[in-house]
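# Coordinates in review
Residues per chain, in single letters:
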Amino acid sequence: MSEYRVKFMPQDIEVTVEEGTDLLTAQIRAGLHPDAPCGGKGTCGKCLVNVMKGNPTGVQKACTTKVTGNMTVKLQAGGKHSILMEGVQRKIRIASAVRSVNVTVQRCELGGNLSDWKRLKMAVAEAASIDEAAIRPNMKLISDLYQVLQDNDYSLNVVLCGNEILDLRAADDPVYVMAFDIGTTTIVGYLLNAATGEETAVASMLNPQSEYGADVIERSNYAISDGVEELSGLVHEALNQLIGQAVKKAGISREEIYMISVVGNTCMHHLFTGVSPKALVHAPYNPAISEGLMLRASDLEISIFPGGKVMLLPNIAGFVGADTVGVLLASEFDAQEELTLAIDIGTNGEMVMGNKDRYIACSTAAGPAFEGAKIACGMRGAKGAVDHAGWKDGRFAFSVIGGGKPLGICGSGLMDIVTFMLEKGLMDEMGRMLDMDEYETEEAKACASRIIRIGENNMKAFLLADEEESGSGRPVYLSQKDIREVQLAKSAMAAGITLMADTLGIEVGDIKKVMIAGAFGNYMEPHSACGIGMIPCELEDRIVPVGNAAGEGAKIAALNYEEYRRCEKIAAGCEFLELATHPDFQDTFVDLMEFPEQEF
């Protein structure tokens, strides 16, 4: 079979592939990590490229365009994404699993029979107030111990993880840990001083696994069919890159990091550890493993101190993972007196409802639409995305992340536009875009020219920017089909809230506080979330954004071992509601498809 060269611009990267290879695969082989929310099925239209030389030319879907000759391809400009790194903060006692103690080891007298290791253990047990018998042998350290003692005149700084001796040092230098939130869309890492809790650097990036699909189902299916190694390797490489960025900012070496803590949804947890997600995508959709883990970093190819550790927080259920546990830990949900609802709106939507006496969790497949994956002009929260919209100074107006011309619509903008169309009478509660003769408000009449027809089906759409007004040369709009996707997403979330309240035997109005975690929740307008009926209207004034609470939970666990152990109790104490098998889910879901009724 013939082979051809494909050059990608503006990166100026060239790769040789076999005839018939699609351009999405060619990008992956070139190491470019393209965005392919649908996993290359040709349904999302997010992998567009501009074929400058080859056949066919012009703007094409990378996943469906085959290489039939030498090609030059211009990739879409990648705007810098808005990755949320701040979260709700609470004071904790700094008592990390990783710590260091100074010891003076007793010298061996002639005729004595206590080994070097035994005398080291005695000194460490006394200095660290731990049980000597619990200190396990470290054969690498034992091999070098005689010379280390001689070189340092029997005075050492010993780095511990729990009861395990990790390192013997000459000086009492800082000990570092790093906390990671591995999201389906983004990954954030926090470099922390284990003794003081000081955050010395933060690094973030998009999750490179996105080239295999936007959601966990797409990635799980790929891992099952092609093996988990590739997806695991991508996230390991990503963490190593972020570690490199963080230590460069802090002016230290990666060998000074002795532990990392990790949160993520259950699928991200499994892919990170190299565990097949097969159990997650087949009934009864249980995780292969739930409990918290303390693993060797070297086993996961994480480049920190050679004997360093990886701490993973526990999962709750198949689609409620350690990231939710991180949110609950950061917010001390297990100590809440008032009835509270915690919602983490990401690529997947996880929710927890209750208080310290009883709390229950569920997961909904709501996120992809709000992440832009199923919206014609949808995109993630990056430069060029419409993030907010509404009626201002007598006209419809919107804001764009980074300013300039719009490229697409992110989740918060999507919610604002739908709420605007509802409240101004451009659309009815069934989600149908109205005809001009049905308009009852002046605002709707003023926006009549924005209603256009698109595609072969002549579908209605609400135009934000035409070809000349957009930053891509393509119109930016919200179609009737997009509105249906919003209805599906918001109905799934609303049904989860309703059924959790029913399970707890409470009314939705009894909820006193709604904590919204995650980037989308941080930037969305509470009025719009309630305006479309995703969150009950009576809860609007009780909504509090808590930022990246999952990442904050990972930091807390890394800095206080007792808080890490608390995670086990939080996860074990959380009931799980499986919506897919709930007898009332379908009826509730359908009932909540409608938007809140408007009065004009």
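Note: the structure precedes this text.
Right, let's walk through the structure included here. All residue numbers refer to positions counted from 1 along the written sequence of the respective chain. Local features are withheld for residues below a pLDDT of 70 in this predicted model, meaning they are given only at 70 or higher, and side-chain atom pairs are given and counted only at 80 or more; totals for whole chains, interfaces and linings count all residues. Only hydrogens and water are removed before side-chain values are computed, so all heavy atoms of the structure are retained for them.

Moving on to the nonpolar core. Residues grouped as a nonpolar core are buried Ala, Val, Leu, Ile, Met, Phe, Trp, Tyr and Cys residues, joined through side-chain atoms within 4.5 Å. Each residue gets one of three labels from its accessible area relative to the maximum for its type: buried under 20%, exposed over 50%, partly exposed in between, using a 1.4 Å probe on protein chains only. The biggest cluster of nonpolar side chains holds 71 residues, and the ones touching the most others in it are I343, M353, M421, F462, M534 and I535. With eleven residues, helix 12 (residues 480-504) is the single largest residue contributor to this core. Residues count as neighbours in contact if any of their non-hydrogen atoms are within 4.5 Å of one another. Those residues in contact with M421 that lie beyond four places of it in its chain are L426, M427, M433, F462, L478 and I483. Formed by 48 residues, the second largest nonpolar core is a distinct cluster that contains V159, L329, Y359 and A557. Only DSSP runs of H or I covering at least 4 residues are called helices, and only runs of E covering at least 2 are called strands; the numbering of each starts at the N terminus.

Among the eleven residues of helix 15 (residues 549-559), eleven are classified as buried, and the element is accordingly described as predominantly covered. Among the residues making up helix 15, those that are buried are A549, A550, G551, E552, G553, A554, K555, I556, A557, A558 and L559.

The next point concerns the packing of helix 8 (residues 322-330) against helix 16 (residues 561-573). Across the interface, helix 8 lies against helix 16 with an axial gap of 10 Å and an inter-helix angle of 110 degrees. If you check the angle between helix 8 and helix 16, you find them roughly perpendicular. The crossing of helix 8 and helix 16 is right-handed. Two secondary-structure elements touch here, helix 8 through V325, L328 and L329 and helix 16 through E563, R566, C567, I570 and A571. Amino acids are sorted into nonpolar (Ala, Val, Leu, Ile, Met, Phe, Trp, Tyr, Cys and Pro), charged (Asp, Glu, Lys and Arg) and polar (every other residue, Gly among them). Class assignment of the residues belonging to the contact of helix 8 with helix 16 gives a composition of six nonpolar, no polar and two charged. Comment: axis = line fitted to C-alpha atoms, over the contacting stretch for helices; angle = value between 0 and 180 degrees taken between N-to-C directions. Roughly parallel means an angle under 35 degrees; roughly antiparallel means over 145; roughly perpendicular covers 65 to 115; every other angle is labelled oblique. For a crossing to be left-handed, the near helix must be turned anticlockwise from the far one by less than a right angle; the clockwise case is right-handed.

This brings us to the pairing of strand 2 (residues 13-18). Here, a strand pair is defined by DSSP locating no fewer than two bridges between the strands. Across six bridges, the pairing between strand 1 (residues 3-9) and strand 2 is antiparallel. Bridged to E3 within strand 2 is E18. Taking the residues that link successive antiparallel strands as the turn, the strand 1-strand 2 hairpin has three residues, and the phi of D12 there is positive, at about 55 degrees.

Looking now at the pattern of salt bridges. Within this document, salt bridges are pairs made up of a side-chain nitrogen of Lys or Arg and a carboxyl oxygen of Asp or Glu, the two lying within 4 Å of each other. Enumeration over the complete set of coordinates arrives at 23 salt bridges. Residue R119 pairs with D116 through a salt bridge whose shortest N-O separation is 2.1 Å. Residue R119 and its partner D116 are both found in helix 2 (residues 116-128); the two are separated by three residues, about one turn of the helix. Note that R432 and D428 form a salt bridge whose closest N and O atoms lie 3.3 Å from each other. Here R432 falls in the partly exposed class, since its relative accessible area comes to 34%. By relative accessible area, which is 16% here, D428 ends up buried. Several salt bridges share partner residues, and in doing so they unite R90, E332, D334, E563 and R566 into one network.

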